[in-house]
Amino acid sequence: MSTDEEVTHTGSCMCGEVRYRITGPLREVVNCHCEPCRQFTGHYLAATAVSTKDISFEKQETLTWYHRTPTVRYGFCSQCGSSLFWHDATRENFFAVPAGCLDQPTGLSTVLNIYIETAGDYYALDPSLPCETGDITNW
Ligand SMILES: [Zn+2]
Ligand SMILES: [Zn+2]
């Protein structure tokens, strides 16, 4: 990941009612196989991450937050149902953004699987990627 250049990425939900812009570095993609992320996406969450200060919204009227715990919330579009964000208030400066909603090309690569102990039983984990049980503290 390059941090020494200013890069702008954009993304949106399927219907386009939520549209965002990210100015700043993107983390490489981490696949989260925890049960809530599997339910949120219908598969697993393949997400980049950005600093909260680096994301701004061009449109967000239909952005809706589901608070799964007092601190953890999932963001989705209430019109088209696209899975858009994951945010943990205890990690204030951190916003997970599903890579599939970014406009192409993203320039990203997938680098890690987490929560592999709760991965779905119907798919194989990519053997070329490192795997972690549970979360990682600094992703
Ligand atoms: Zn939408
Ligand atoms: Zn997860």
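Refer to the structure above for everything that follows.
Now for a description of the structure that goes with this document. (Residues numbered from 1 in each chain as written. Chains lettered and ligands numbered in written order. Predicted model: local features only at pLDDT ≥ 70, side-chain atom pairs only at ≥ 80, totals over all residues. Heavy atoms only, no water.)

Quick word on the environment of Cys 101
Stage number 1. Residue placement: Cys 101 occurs in the loop between strand 9 (95–98) and strand 10 (110–114).
Stage number 2. Exposure remark for Cys 101: the relative accessible area of 15% places this residue in the buried category.
Stage number 3. Separated by 46 residues in the primary sequence, Cys 101 and Ile 55 have C-alpha atoms spaced 14 Å apart. (Helix = DSSP H or I, 4+ residues; strand = E, 2+ residues; numbered from the N terminus. Buried < 20%, exposed > 50% of the residue type's maximum accessible area, 1.4 Å probe, protein only.)

Regarding the coordination of the zinc ion (ligand 2)
Think of it this way: four donors in a tetrahedron around the metal ideally sit 109.5 degrees apart, and six in an octahedron ideally sit 90 or 180 degrees apart.
Stage number 1. For the zinc ion (ligand 2), every protein donor is listed as Cys 32 (SG), Cys 34 (SG) and Cys 37 (SG), and the spread of their distances is 2.1 to 2.2 Å.
Stage number 2. The motif formed by the donor residues of the zinc ion (ligand 2), counted along the single chain, is C-x1-C-x2-C. As far as the burial class goes, Cys 32 and Cys 34 line up, both buried. (Donors = N, O, S within 2.8 Å, 3.2 Å for Na, K, Ca; no water.)

Observations regarding the coordination of the zinc ion (ligand 1)
Stage number 1. Taken together, the protein donors to the zinc ion (ligand 1) comprise Cys 13 (SG), Cys 15 (SG), Cys 77 (SG) and Cys 80 (SG), at separations of 2.3 Å.
Stage number 2. For the zinc ion (ligand 1), the four donor atoms are set out with angles of 107 to 112° between them, so the coordination reads as tetrahedral.
Stage number 3. Mapped onto the sequence, the donors of the zinc ion (ligand 1) take the spacing C-x1-C-x61-C-x2-C. (Tetrahedral: all angles 85-135°; square planar, octahedral: opposite > 155°, others 65-115°.)

Thoughts on the sheet that holds strand 2 (residues 18–23)
Stage number 1. Taken together, the three strands give an open sheet; going across it, the order is 1-2-5, and neighbouring strands pair in antiparallel fashion. One side of each edge strand has no neighbouring strand; the edge strands of this open sheet are strand 1 (8–12) and strand 5 (55–60). Pairwise comparison of adjacent strand axes, ignoring direction, gives a mean angle of 15° for this sheet.
Stage number 2. Bridge count between strand 2 and strand 5: five bridges; the pairing is antiparallel. Looking at the pairing, Arg 19 lines up with Lys 59 of strand 5. (Pairing = 2+ DSSP bridges. Axes fitted to C-alpha atoms, helices over the stretch in contact; angles between N-to-C directions.)

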